[in-house]
Amino acid sequence: EDFKPAIIFDMGGKFDKSFNEAGYNGAEAFKKETGIEYMEFEVTQVSQREQAMKRMARKDASIIVAMGFAQANAVEKAAKANPDKKFTIIDMVVDLPNVQSIIFKEHEGSFLVGMAAAMKSQTGKVGFIGGMDIPLIRKFALGYEEGAKYANKDVEVFQNMTGTTPAAWNDPTKGGELAKSQFDRGADVVFAAAGGTGTGVYQAAKDNGKFAIGVDSNQNYLHPGTMLTSMTKRVDVAVQEAFMSAKDGTWQPGIKVLGLKEEGVGFAVDEHNKDLITPEMTAKLEQARADIIAGKIKVTDYMSK
Amino acid sequence: MTTSSPALELRRVNKWFGAVHANKDISLSVGRGTIHGIIGENGAGKSTLMSIVYGFYQADEGEILVNGSPYQIDNPQASIAAGIGMVHQHFMLVDTFTVLENIILGVEGSARLAGGLEHARAELARLEKEYSLEVDVDAVVGDLPVGIRQRVEILKALYRGAEILILDEPTGVLTPQEADHLFRILNTLREQGKTVILITHKLREIMAITDNVSVMRRGEMVAHVATKDTDREKLAELMVGRSVLLRVEKDDAQPAETVMSMRHVRYLDRDGVSRLKDINLDIKAGEILGIAGVSGNGQSELMEILGGTLRPSEGQIIYKGEDITNSANFNARDLRKIGLGHVPEDRHRSGLVLSFSAYENTILGYHDRPEYNKGTTLDNSSMIAHCEKHIEKFDVRPTDPTLKASGFSGGNQQKLVLAREMEQDPDILLVGQPTRGVDIGAIEFIHQQLIQMRDAGKAILVVSVEIDEVMSLADRIAVMFDGAIVGELDAKDATETKLGLMMAGVKEGVEA
Amino acid sequence: MEYFEIFVLLMDATLRVATPLVLAAMAGMFSERSGIVDIGLEGKMLGAAFAAAAVAYVTGSAWLGLLGGIAVSMALSGLHAYACVTHNGNQVVSGMAINIVVAGLTPTLAFAWFRQGGQTPALTGDDRFSSLTLPFAEAVRDIPVIGYTYAELISGHNILVYIAAAAVPICAYILYRTRFGLRVRAVGENPHAVDTAGIVVSHLRYQALMVTGFLCGIAGSYLSTAHGAAFIRDMTAGKGYLALAALIFGKWRPVPTMFACLLFAFTDALQARLQGVDLPLVGAIPVQFIQALPYVLTVLLLAGFVGKAIPPKAIGEPYIKER
Amino acid sequence: MSDTSVKFGSPAKVPAWVNLVLVPLVNLLAAFLLSGVVILIIGDNPLQAMEVLIYGAFGYEEALGYTLYYTTNFIFTGLAVAIAFHCGLFNIGAEGQAMIGGLGVGLVALYLDVLPFALVVPIAILAAALFGGFWAAVPAYLQAKRGSHIVITTIMFNFIAASVLTYLLVEVLIAPGGQSPESREFAEHTWLPFFHNFLPLPETPLNISFIFALLLCVGFYYLMWHTRWGYEIRVTGQNETAAKYAGISPARNIILAMIISGALAGFVGVNEILGVHHRLILEFTGGFGFVGIAVALMGRNHPVGIFLAALLFGALYQGGSELAFEMKNINREMVIVIQGLIILFSGALEHMFRPTIENFFKKRSSSAAVEA
Ligand SMILES: Nc1ncnc2c1ncn2[C@@H]1O[C@H](COP(=O)(O)OP(=O)(O)OP(=O)(O)O)[C@@H](O)[C@H]1O
Ligand SMILES: Nc1ncnc2c1ncn2[C@@H]1O[C@H](COP(=O)(O)OP(=O)(O)OP(=O)(O)O)[C@@H](O)[C@H]1O
Ligand SMILES: [Mg+2]
Ligand SMILES: [Mg+2]
């Protein structure tokens, strides 16, 4: 019979240049590989989340992937109402027999890019720019700070949040200004976890001859020479695998935690930035990666602090 | 163009506003170098006709000839080009601009202002001298008294090279002195060969200054006469269609107890300027106290204080023997409750809410009266019933209580306000400018109503800039100048000269 | 010296942030002074930002992009005029409609044309207005105070920042010293007076709105081709409303309005630098409250010092002389 | 903001239904036509799109439920903006007032849930009104007493409200052990009944707030046109000098009207927080406050008009989401475009076709009169 996967993007929309877009890329990759069309919906109102799930269930979706922590309540309700349907939620745990929860150890990936930043910094000052001051973003920030301090215990880490309204995720101008304010204070590497706002941060880094670190997907290609690396969070892989496993029948409910070990998070090295990362840095980063996986380095997870 | 042709000629002009036929088949001929009066009741169509001549409205039918040649006037630009200037009933000035800026608006000369301004300054100096129209060209118009604003309007027209000058009710807002000055200006204009068209409700002015007069009634031209061949009574009859009493008939007053008084009242405005200086006044039952004075000499503040919307800076207000100056009751709402009625000077600004229906205006200030309420609810049927009564008694036209206040003519709006305040049967009635802009038929009626109230033993205060009105209506007259009362006299002793002098600040008894 | 440098850098950020606000507020000034409420500044800026980035990307010229941005903004302004002047439509509704249509249309078109998820491709090199170094800037940098200020604060902005700086005196000149300005001011106060003076009210308002469109076009282009380097959906992020607020704050006058824009920009720049900083006495304030600082400050200033703003008298009312 | 178009002129002699029904329909049609063109350009079938939109808004019970649920919010914010307009004020801050109103609801539901339903719900509703009202009262006070322009202050208060709410949800009210900025779920007895709880309807967010909104429409009409308070507010809005003359205090009425306005906006919190989400979350106001401006203006500040405009916007929101779901090339941005076009044609360009249509009927009626 027909396999009908479905995905629901959250408020940022599927082209948010980060999290949702990674999910979109995963779904597209699945489509390319299997030739199977998927259903999709972009949420613009809070209550559309649940509605979209109901719609998809009614359309007999084989699996419904919900992008983002904010959809947890909707998934919970929809999963209870449709016990025979499979749900996968990214970035949050919903404890139900027909729900697969995929969460990432963003702090681990952030730790490594924090190290990279501190090692690259000439000034001993690095920056972090978040979209909104919410727990998920603090998770990134804390990991980053710990990593930076791990590499250089005297490093100074500046933190800025963009705003308090949804516009904060789409305000490159503000992002650029925040980056410049950090440069003015001496930072020479910035890490942005702020959706579309990040593009302004990267642009500012480029304009001012500083380094920037991308987030979620590999954004190194945006400004070769400026993008030091990207903290990858393989949401695309997660989505693609969720679809694929549901198709194969290997889909399992329960919690999947993807960290460095599972290669769910990491840092990107490719032709765009390989000259920026010295062998010495690579060595240290690889060592730290191994230590974290082995449990020798403990990275604090803000969420369970 | 022939020299014998009239300066302006209208042939069978028609204008409809929706269903209203505002101008019916109007023909009119105005000779060059004359002053031509146009009179008619409120809503007769005078302003409409002149707005058509000025190109502000377009006629639906008919022809306009200027100096004998047909002219297509379909916007003010065309009429300005044809040498027509107009001073509108409601001034068309930008309050925030200086006189100079107002005058050059539309004829700036060049894209840069500086040149135009300099040229205008020189030209205005010439015009001012020629017609003795002094104004401070750098003053901001909003700060100027109405009389001066009117001069600005006239200068505006002259600056544009007007040969024909239309004035719509120019004296409605002027003091007698200002009006006299205006007439001198108009005479000068006539001497210089200009043509003047004058719309007014004041027959005295028509008789005093015009060469010819045309009378309108209900959208039609009912008569053209040479002024020297007619008189006020005849004109009034032509206008209203019946004979009108031009004087107030009244018996002697029977003054009784004092209802309201002011003791040493001073008022400083927000900028600290002294507006009222040591005012002492008694308003007595059964008497009409008239306040004469050039507008802007404190009458407005006086009215506002008595009406409870302003508090005096110093001094006492005594109402029915009680000093209420510092009482919680001293506000517009509570004063009304204890028997004060107030017809404000400016019906548009404060007397009415123009966008409300007539019946909603009927309760303005009285909306918490039990007769208009059922519990917490406003009783619409009672509001309408009261309004209908007012409309009938005061002969308001049209007779529709649901019509918006803005849809009534000024005279009828005034009647609505008067009806509201008088029908509450107050013990004391403050009336500002009772008949401003109102036609003579309505003036007669309003005056009669006020006298009747007086005879019923009510205390009445009338503030008016019309000397005539104050003299014929009041029993006792106080004259205000520069925030102070310069003198009080019995109406019987008042003469126009005496009052005129006092209004100019000359103390009573001190002959100049 | 340390504090001085911080201050100069703060002012430097202020200038960059204030630029689109100043341009948009000047734009709004012409509209509102002519009696037309313009809450559509936001949409016009957004439309211009998109058009500028798209044209710049396709043609490789930032200047052509600027022209494109101006053209789109003027077209939107024309639509506003058509609704509000020709058809006496409600001005607030028209402005909102324009904002909404543009918010939807720009990403749609961007997606259709560039397939980059509702953005335009990033602009580089000549696609974008780059910083200009003024003469001698580097040479005098080491001269204390003056030289440093010149090199950091005065020099090193892109051309549109200088245009915005010039726009204020130019707009003031136009408004107060030219025939057009006189008429615009008059029509916003008393359209009847303008009409009887033989000037066609609707033409005048159309002209004023074209100036609005022009300036707003520059403001929008600045966002995507000068300050930023691509169009991103909703990238105006409320700047149009903020510009409007500055206009009211500045009582519809050019220079005070400019100062209001600078104030908004300054508090914004300050807020970025205060986040997470330990302040004397209070310690580190939660970031949300630091972020609210510009708005709180505005309210306080408004309540404390500015007093009553009296708008152009005829604003918001369609001019109807006869029906 | 008031209907200036009728200020100067004689009453048009056209049948009432022409102005009330025909003209709005023609406007809607024009909006749909232009939207159709856009849809055609992006390669979809406009007729099918229209069908999906209308079916998606009204075609089946669940759709109708969602439509009415959105309508509820728009009624609240539409009325809120309208009462401010009646007082001559432009309240652009309904969004922030809704946020703070929701905060009030949330606090009551979180901390007073020991109380039974019959107590906690009225208290929560009251809290919505008080909190929303307070958030509007401050700008109102500043306007009335200090002359601070209410448009600016209410915009600023929107931002401040967002800051306050984010702070509280991130730092204070966040569910213990929670990972996203939202409170714990409220106790179930505090929830407002959904329609599907007591009617045989599919599950939708539609809850009894809708009935509350309808009651408020009636109350609004009664208040504005049948009570002294409404009368005073309208006098203040139309003519402040006349208000002073009549002994009506403009300051008092400005503050009063804004408090009511803020309270009305705060009720969005009742619908969303107590009715639907049952926890305090971010972004629940979803722009309803801003759309409320269009709702009020299109509804001519009259509750009947506001109800109809709210229904139109509710249908656009729900039908629009259906459209984005069902049609390949139509995404959420396209839906926004269509919504914008409808506001443009039925709001800003509402007079475009009116003269032509009126003339058509005027000619007919006048020629009929001549014959008669
Ligand atoms: N703009 C308008 N729209 C509709 N009707 C109008 C308009 N202007 C005037 N009217 C109508 O035309 C008629 C004539 O009005 P007009 O202003 O010419 O009177 P008027 O003679 O100047 O009166 P007044 O002495 O009060 O100034 C009135 O009945 C009025 O109802
Ligand atoms: N909004 C309106 N609708 C219909 N007719 C109007 C309207 N406004 C004024 N008119 C008519 O136009 C005529 C002249 O109006 P205008 O304002 O000049 O009145 P007015 O009697 O001269 O009042 P005032 O002396 O107070 O200026 C009036 O007869 C009135 O009926
Ligand atoms: Mg008249
Ligand atoms: Mg009159």
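Residues numbered from 1 in each chain as written. Chains lettered and ligands numbered in written order. Predicted model: local features only at pLDDT ≥ 70, side-chain atom pairs only at ≥ 80, totals over all residues. Heavy atoms only, no water.

Counting secondary structure elements, chain A contains nine helices and twelve strands. With the principal axes as the frame, chain A shows a C-alpha extent of 60 × 40 × 35 Å. Within chain A, the fraction of its 305 residues that count as buried is 66%. Put simply, 68% of the contacts in chain A that link residues at least 6 apart link residues at least 24 apart. Roughly 10,700 Å² of accessible area belongs to chain A as shown, and the carbon and sulfur atoms make up 48% of that amount. Chain A carries 37 positive and 41 negative side-chain charges, and their two centres are separated by 2 Å. (Helix = DSSP H or I, 4+ residues; strand = E, 2+ residues; numbered from the N terminus. Buried < 20%, exposed > 50% of the residue type's maximum accessible area, 1.4 Å probe, protein only. Contact = heavy atoms within 4.5 Å. Areas by Shrake-Rupley, 256 points an atom, 1.4 Å probe, with all protein chains shown as cover. Lys, Arg positive; Asp, Glu negative; His and termini not counted. Charge placed at Lys NZ, Arg CZ, Asp CG, Glu CD.)

Tallying secondary structure elements over chain B gives 17 helices and 22 strands in all. A compact globule built from 512 residues would reach a C-alpha radius of gyration of about 24 Å, and chain B, at 24 Å, matches this within 12%. When the backbone C-alpha atoms are referred to their principal axes, chain B occupies close to 75 × 50 × 45 Å. Residues counted as buried form 57% of the 512 residues belonging to chain B. Taking the intrachain contacts of chain B between residues at least 6 apart in sequence as the baseline, contacts between residues at least 24 apart amount to 67%. For chain B, the accessible surface area stands at approximately 20,000 Å², while carbon and sulfur atoms represent 48% of it. Positive and negative side-chain charges in chain B, numbering 55 and 75 respectively, have mean positions lying 1 Å apart. (Rg over C-alpha atoms; globule rule 2.2 N^0.38 Å.)

Before going further, it helps to spend a moment on the pairing of strand β11 (residues 258–268) of chain B. All names here are of chain B. Pairing between β11 and strand β12 (residues 274–284): seven bridges, direction antiparallel. Considered in β12, the bridge of Val-265 is made with Ile-279. In textbook terms, the turn of a hairpin is the stretch between consecutive antiparallel strands, and for β11 and β12 this stretch comprises five residues, one of which, Gly-272, has a positive phi near 80°. As paired elements, β11 and strand β14 (residues 314–319) share five bridges and run antiparallel to each other. (Pairing = 2+ DSSP bridges.)

Centre-to-centre distance and the angle between the planes together describe a pair of aromatic rings. Under the definition given, this model contains 45 aromatic pairs over all chains. Ring centres of Phe56(B) and Tyr57(B) lie 5.7 Å apart, and the angle between their planes is 25°; this geometry places the pair in the stacked category. The pair formed by Phe56(B) and Tyr57(B) is uniform in burial state, with each residue classed as buried. Arranged with centres 5.5 Å apart and planes meeting at 45°, the rings of Phe195(D) and Phe198(D) form a pair that is tilted. Of the two residues, Phe195(D) and Phe198(D) are both situated in helix α7 (residues 195–198); the distance of three residues between them amounts to about one turn of the helix. In textbook terms, an aromatic cluster arises when at least three aromatic residues are bridged by ring pairs, as seen for Tyr66(D), Tyr69(D), Tyr70(D), Phe74(D), Phe288(D), Phe313(D) and Tyr317(D). Its end group placed over the ring of Phe325(D), Arg55(A) keeps NZ or CZ at 5.2 Å from the ring centre. (Phe/Tyr/Trp six-rings, centres within 6.5 Å; stacked < 30°, edge-to-face > 60°. Lys NZ or Arg CZ within 6 Å of the ring centre and 35° of its normal.)

Bringing the nonpolar core into the picture now. Proteins that are soluble and globular tend to have nonpolar side chains buried together. In terms of nonpolar packing, the biggest core is built from 388 residues, with Ile90(A), Met50(B) and Leu186(B) touching the most fellow members. The leading source of residues in this core is helix α6 (residues 150–172) of chain D, at 15 residues. Counting residues in hydrophobic clusters, the runner-up holds 57 residues, among them Phe356(B), Met422(B), Val470(B) and Ile248(D). (Core = buried A, V, L, I, M, F, W, Y, C linked by side-chain atoms within 4.5 Å.)

Attention now goes to the arrangement of the chains. In this assembly, five pairs of chains are in contact, and the pair with the greatest number of contacts comprises chains C and D. No part of chain A reaches chain B; the closest C-alpha pair between them is 39 Å apart.

All names here are of chain C. Remark: helix α8 (residues 179–189) packs on helix α10 (residues 201–227), axes separated minimally by 10 Å, with the N-to-C direction vectors making an angle of 110°. As far as their axial angle goes, α10 and α8 are roughly perpendicular. When you trace α8 past α10, the crossing you get is left-handed. When α8 is examined against α10, the residues Phe-180, Arg-183, Val-184 and Val-187 are found in contact with a partner set consisting of Val-201, Leu-204, Arg-205, Gln-207, Ala-208 and Val-211. (Axes fitted to C-alpha atoms, helices over the stretch in contact; angles between N-to-C directions. Parallel < 35°, antiparallel > 145°, perpendicular 65-115°, else oblique. Left-handed = near helix turned anticlockwise from the far one by under 90°.)

All names here are of chain A. The parallel open sheet is built from six strands, whose spatial order is β2-β1-β3-β4-β5-β11. The sheet is open, and its two edges are formed by β2 (39–42) and β11 (254–258), each paired on a single side. Ignoring strand direction, the axes of neighbouring strands in this sheet form an average angle of 15°. Sheet topology note: the strand β1 (residues 5–9)/strand β3 (residues 63–67) ladder contains four bridges and is parallel. In the sheet register, Ala-6 faces β3, and the bridge partner there is Ile-64.

This brings us to the interface of chain D and chain B. Taken together, the contact pairs 24 residues of chain D with 37 residues of chain B. Interface of chain D and chain B: buried area, both sides summed, is about 2,400 Å²; carbon and sulfur atoms make up 54% of it. On the chain D side of the interface with chain B, the three residues burying the most area are Arg228(D), Tyr231(D) and Tyr245(D), jointly 34% of the side's total. In this structure, the connection of chain D to chain B is made through two salt bridges. Here Glu360(B) and Arg234(D) are joined by a salt bridge, their closest N and O atoms 2.7 Å apart. In this structure, the connection of chain D to chain B is made through 20 residue pairs in polar contact (both at pLDDT 80 or more). (Buried area = accessible area lost by both parts, 1.4 Å probe. Salt bridge = Lys/Arg side-chain N within 4 Å of Asp/Glu carboxyl O. Polar contact = N/O pair within 3.5 Å; in protein donor to acceptor, adjacent residues only side chain to side chain.)

Turning our eyes to something else, we now look at the interface of chain D and chain C. Often, the extent of an interface is quoted as the loss of accessible area on bringing the components together. Taken together, the contact pairs 42 residues of chain D with 46 residues of chain C. Here chain D meets chain C over a buried area of about 4,200 Å², counting both sides, of which 74% is carbon and sulfur. Broken down residue by residue, the surface that chain D buries against chain C is led by Ile152(D), Met156(D) and Tyr167(D), which jointly contribute 13%. Taken together, chain D and chain C are joined by one salt bridge. Across the pair Glu333(D) and Arg233(C) runs a salt bridge, and its minimum N-O distance is 3.2 Å. On the surface where chain D and chain C come into contact, there are four residue pairs in polar contact (both at pLDDT 80 or more). Of all elements in the fold, only α5 (117–146), α6, α12 (288–298) and α14 (332–348) of chain D reach the threshold of two or more residues within the side of chain D that touches chain C. Of all the elements, α6(D) adds the most residues to the side of chain D that touches chain C, at 13 residues. Per-class residue counts for the side of chain D that touches chain C are 27 nonpolar, twelve polar and three charged. (Nonpolar A, V, L, I, M, F, W, Y, C, P; charged D, E, K, R; others polar.)

On the surface, a nonpolar cluster with roughly 440 Å² of combined accessible area is contributed by Trp17(D), Leu20(D), Val21(D) and Leu25(D). By the secondary structure assignment, Leu25(D) is in helix α1 (residues 16–41). (Patch = residues over 30% accessible without salt bridge, like charges linked within 9 Å, V, L, I, M, F, W, Y side chains within 5 Å.)

Another point: the sheet that holds strand β13 (residues 287–292) of chain B. Each strand in a sheet pairs with its neighbour through backbone hydrogen bonds, running either in the same direction (parallel) or in the opposite one (antiparallel). Residues and elements named next belong to chain B. The strand order across the open sheet formed by six strands is β16-β19-β20-β13-β21-β22, and the pairing between neighbours is mixed. Of all strands in the sheet, those bounded by a partner on one side alone are β16 (340–343) and β22 (484–490). Going from strand to strand, the sheet's axes swing by 15° on average, the running direction of each strand aside. Here six bridges tie strand β21 (residues 476–481) to β22, and the two strands are oriented antiparallel to one another. For Met-480, the partnering residue across the bridge sits in β22 and is Ile-485. The strands that helix α15 (residues 440–455) touches are β13, β19 (428–432) and β20 (459–463); relative to β13, the one it contacts most, it runs at about 130°.

Take the domain arrangement of chain B next. Residue and element names in this part refer to chain B. Partitioning chain B into domains gives domain 1 (8–240), domain 2 (245–339 + 427–512) and domain 3 (351–425). Between the C-alpha centres of domain 1 and domain 2 there is a distance of 33 Å. Each partner contributes to the interface: domain 1 provides 20 residues, whereas domain 2 provides 16 residues. Summed over both partners, the interface of domain 1 with domain 2 comes to about 1,400 Å²; 55% of that surface belongs to carbon and sulfur atoms. For Arg-204, the salt bridge goes to Asp-468, with nearest N and O atoms at 3.1 Å. One can count two residue pairs in polar contact (both at pLDDT 80 or more) joining domain 1 with domain 2. (Domains from an automatic or database assignment.)

Our next topic: the pattern of salt bridges. A complete count under the given rule lists 74 salt bridges over all chains for this structure. Between Glu123(B) and Arg126(B) there is a salt bridge, with the nearest N and O atoms lying 2.9 Å from each other. With Glu123(B) and Arg126(B) both in helix α4 (residues 113–131) and three residues apart, the pair spans about one turn of that helix. Judged by its relative accessible area of 40%, Arg126(B) falls in the partly exposed class. When the shortest N-O distance is used, the salt bridge between Asp282(B) and Arg263(B) registers 2.9 Å. One end of the pair, Asp282(B), is in strand β12; the other, Arg263(B), is in strand β11, with 19 residues separating them in the sequence. A residue is classified by how much of its surface remains accessible, and Asp282(B), at 24% relative accessible area, is partly exposed. Each of Arg333(B), Asp334(B), Lys337(B), Asp368(B), Glu232(D) and Arg252(D) takes part in salt bridges that share partners, so that together they form one network.

Below, the discussion takes up helix α12 (residues 254–274) of chain C. Spanning 21 residues, α12(C) covers 30 Å between terminal C-alpha atoms, matching the ideal 30 Å at 1.5 Å per step. In the segment just after α12(C), Gly276(C) is the residue with positive phi, at about 75°. (Expected span 1.5 Å × (residues − 1).)

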